[in-house]
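Descriptive structure summary
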Amino acid sequence: MKCRVIQKNVHVSARKANLICNLIRNKSITQALVLLDNVEKKTASIIKKLLNSAIANATNNHQMRGEALYVYFITANQGTTIKRSLPRAKGSANMIRKRHSHLEIILSDDIKQKQKDLVESQYKVKKTKPKQIDKNIKTNIKENKLNETKKPEVVKLQTTPTKEGK
């Protein structure tokens, strides 16, 4: 089972937040909390609060086992950008971009959840468009057989005599 938590409009750029997200992806909850305690970044404390909220939701609302939880999916997507200007010399101005991000965490208590999701997605693709898949496979097989049966042609190069001695 999966539990999903989203926090929107966090005043951190998505690029900086994804650095922290990469640290705790596919880790158990205890490992993730220890890592977030020891990282000295602004984003680490924000993600830690969100992770604690996700743990509480998973155990209380979804009746998931707390000791078996791990970070199934985590990402920081780009949010709104507030644009401000900074006065510069000779009446010009520079643009200041104050970036925000949307954080998303999905927790799971089943270790084989990713394999199950992969199998389900493959089944959905085969179930919805079997004719297209079969046609593609048949054409690829025909092309491979044609390529295997063709023998490479031997090309003879004609050489012209050159004048040597001058």
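Here, every reference points to the structure presented above.
Residues numbered from 1 in each chain as written. Predicted model: local features only at pLDDT ≥ 70, side-chain atom pairs only at ≥ 80, totals over all residues. Heavy atoms only, no water.

Take the sheet that holds strand β3 (residues 93-108) next. The 3 strands lie next to each other as β1-β3-β2, forming an open sheet whose pairing is antiparallel. Strands at the two margins of the open sheet, each flanked by one partner only, are β1 (2-10) and β2 (70-87). When the angles between neighbouring strand axes are averaged without regard to direction, this sheet yields 15°. Of the strand pairs in this sheet, β1 and β3 are connected by 7 bridges, and their pairing is antiparallel. Bridged to Arg-4 within β3 is Ile-106. Sitting on the sheet, helix α1 (residues 14-24) touches β2 and β3, and the angle it makes with β2 is about 165°. (Pairing = 2+ DSSP bridges. Helix = DSSP H or I, 4+ residues; strand = E, 2+ residues; numbered from the N terminus. Axes fitted to C-alpha atoms, helices over the stretch in contact; angles between N-to-C directions. Contact = heavy atoms within 4.5 Å.)

It is worth spelling out the packing of aromatic side chains at this point. Aromatic ring pairs are reported here in terms of the distance separating the ring centres and the angle at which the planes meet. Enumeration over the complete set of coordinates arrives at 0 aromatic pairs. Its guanidinium or amino end placed over the ring of Tyr-72, Lys-114 lies 5.5 Å from that ring's centre, counting from NZ or CZ. (Phe/Tyr/Trp six-rings, centres within 6.5 Å; stacked < 30°, edge-to-face > 60°. Lys NZ or Arg CZ within 6 Å of the ring centre and 35° of its normal.)

Another aspect to go through is helix α3 (residues 42-60). Between the first and last C-alpha of α3 there are 28 Å, a value that for 19 residues agrees with the 27 Å anticipated at 1.5 Å per step. All of the buried residues along α3 are Thr-43, Ala-44, Ile-46, Ile-47, Leu-50, Leu-51, Ala-54, Ile-55 and Ala-58. In the core, the buried residues of α3 are packed alongside β1, α1, α2 (29-38), β2 and β3. (Expected span 1.5 Å × (residues − 1). Buried < 20%, exposed > 50% of the residue type's maximum accessible area, 1.4 Å probe, protein only.)

Moving on, we get to the side chain of Glu-104. Relative to the helices and strands, Glu-104 resides in strand β3. Here Glu-104 falls in the buried class, since its relative accessible area comes to 13%. Only 2.9 Å separates the side chain of Glu-104 from the side chain of Arg-4, close enough to count as a polar contact. (Polar contact = N/O pair within 3.5 Å; in protein donor to acceptor, adjacent residues only side chain to side chain.)

In terms of nonpolar packing, the biggest core is built from 27 residues, with Ile-47, Leu-51, Leu-103 and Leu-107 touching the most fellow members. Of all elements in the fold, only β1, α1, α2, α3, β2 and β3 reach the threshold of two or more residues within this core. If we skip the residues at most four places from it in the chain, Leu-107 touches Met-1, Lys-2, Cys-3, Ile-29, Leu-51, Ala-54, Ile-55, Met-64, Leu-69, Tyr-70, Val-71 and Tyr-72. (Core = buried A, V, L, I, M, F, W, Y, C linked by side-chain atoms within 4.5 Å.)

Let us now look at the pairing of β3. Alignment of β2 against β3, held across 15 bridges, turns out to be antiparallel. Opposite Tyr-70, over in β3, you have Ser-108 as the bridge partner. Between β2 and β3, which pair antiparallel and follow one another directly, the connecting turn spans 5 residues, one of which, Lys-90, has a positive phi of 60°.

To continue, consider the packing of α2 against α3. Packed helices, taken two at a time, are described by their axes: the angle between them and the distance between them. Close contact between α2 and α3 brings their axes to 9 Å; oriented N to C, the two are set at 155°. In terms of orientation, α2 and α3 fall into the roughly antiparallel class. As α2 packs across α3, the resulting crossing turns out to be left-handed. Contacts from Ile-29, Ala-32, Leu-33, Leu-36 and Asp-37 of α2 reach α3 at Ala-44, Ile-47, Lys-48, Leu-51, Asn-52 and Ile-55. Grouping the constituent residues of the contact of α2 with α3 by class yields 8 nonpolar, 1 polar and 2 charged. (Parallel < 35°, antiparallel > 145°, perpendicular 65-115°, else oblique. Left-handed = near helix turned anticlockwise from the far one by under 90°. Nonpolar A, V, L, I, M, F, W, Y, C, P; charged D, E, K, R; others polar.)

The values reported here are purely geometric and, on their own, carry no functional implication.
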